[in-house]
Protein chains: 2
Amino acid sequence: MCESNAYLKNGENDIMLMESVDTIEPYEDGLKLMDIFGKQLFIKAKIKDMTLLNHRINLEEICNT
Amino acid sequence: MCESNAYLKNGENDIMLMESVDTIEPYEDGLKLMDIFGKQLFIKAKIKDMTLLNHRINLEEICNT
């Protein structure tokens, strides 16, 4: 299976946000993630980078400053 | 292998832009794609959506209007 795990950058650490992510779509001012079970997650974040072979998607929060 | 193919929306059609994409990173006003062989591609586009289980990344060009 080729799903990835989504991590959210939090200072120097990465928080595991969602496992087994299948789809990613920009949504309003953030992203909509959906895992392979159909669970949806909306988050005010953007893609920092992703490496599919490592099954890893790195996100960072959007700051409203 | 869990790489995906990147398609660029062109009117009603999708153009295959790059096969076997491993990494995606925002880059200046576009994206940097790199395939599993290390070939890099820079494009003024944003992610429209992606479905990892289908190995498909849909991009759309950024219009400078």
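From a predicted model like this one, the values you see are computed outputs, not experimental measurements.

Novice: Tell me what's going on with the relation of the copies chain A and chain B, and back it up with residues and numbers.
Specialist: Overlaying chain A on chain B yields an RMSD of 0.0 Å, the required transformation being a rotation through 180° with an accompanying axial translation of 0.0 Å. Here the two chains are linked by the operation of a two-fold rotation axis. Of every C-alpha in chain A, the one belonging to Cys2 of chain A sits nearest the axis of rotation, 2.6 Å from it. Of all interface residues in chain A, 100% are interface residues in chain B too; the two copies therefore contact each other through one and the same surface.

Novice: Describe the pairing of strand S5 (residues 45-51) of chain B, listing the residues and the values that go with them.
Specialist: Where a strand is regular, its side chains alternate between the two sheet faces. Relative to S5 of chain B, strand S2 (residues 13-27) of chain A runs antiparallel, the two sharing 2 bridges. Each residue of the ladder has a partner; that of Ile24 of chain A, found in S5 of chain B, is Met50 of chain B. Here S5 of chain B runs beside strand S6 (residues 56-61) of chain B; their pairing, made up of 6 bridges, is antiparallel. The residue bridging Thr51 of chain B from the neighbouring strand is Arg56 of chain B, located in S6 of chain B. Counting the residues that bridge the hairpin from S5 of chain B to S6 of chain B gives 4 residues, and of these His55 of chain B lies at a positive phi of roughly 55°.

Novice: So, the packing of aromatic side chains: which residues are in play, and what are the values?
Specialist: Residues and elements named next belong to chain A. All chains considered together, the criterion is met by 2 aromatic pairs over all chains. Consider the rings of Tyr27 and Phe42, whose centres lie 4.7 Å apart with planes at 55°: the pair is tilted. With Tyr27 in strand S2 and Phe42 in strand S4 (residues 40-43), this pair connects stretches of sequence that are 15 residues apart. Classification of Phe42 as partly exposed rests on a relative accessible area of 44%. A cation over a ring is seen here: Arg56 above Tyr7, with NZ or CZ 3.8 Å from the ring centre.

Novice: I'd like to hear about the pattern of salt bridges, residue by residue, with values.
Specialist: All names here are of chain B. What the rule picks out here adds up to 10 salt bridges over all chains. Across the pair Lys46 and Glu60 runs a salt bridge, and its minimum N-O distance is 4.0 Å. Taken together, the residues span a long stretch of sequence, with Lys46 in strand S5 and Glu60 in strand S6 at a distance of 14 residues. Overall, Glu60 belongs to the partly exposed group, its relative accessible area being 26%.

Criteria and cut-off values
- Residues numbered from 1 in each chain as written.
- Chains lettered and ligands numbered in written order.
- Predicted model: local features only at pLDDT ≥ 70, side-chain atom pairs only at ≥ 80, totals over all residues.
- Heavy atoms only, no water.
- Least-squares fit on C-alpha atoms with pLDDT ≥ 70 in both.
- Contact = heavy atoms within 4.5 Å.
- Pairing = 2+ DSSP bridges.
- Helix = DSSP H or I, 4+ residues; strand = E, 2+ residues; numbered from the N terminus.
- Phe/Tyr/Trp six-rings, centres within 6.5 Å; stacked < 30°, edge-to-face > 60°.
- Buried < 20%, exposed > 50% of the residue type's maximum accessible area, 1.4 Å probe, protein only.
- Lys NZ or Arg CZ within 6 Å of the ring centre and 35° of its normal.
- Salt bridge = Lys/Arg side-chain N within 4 Å of Asp/Glu carboxyl O.

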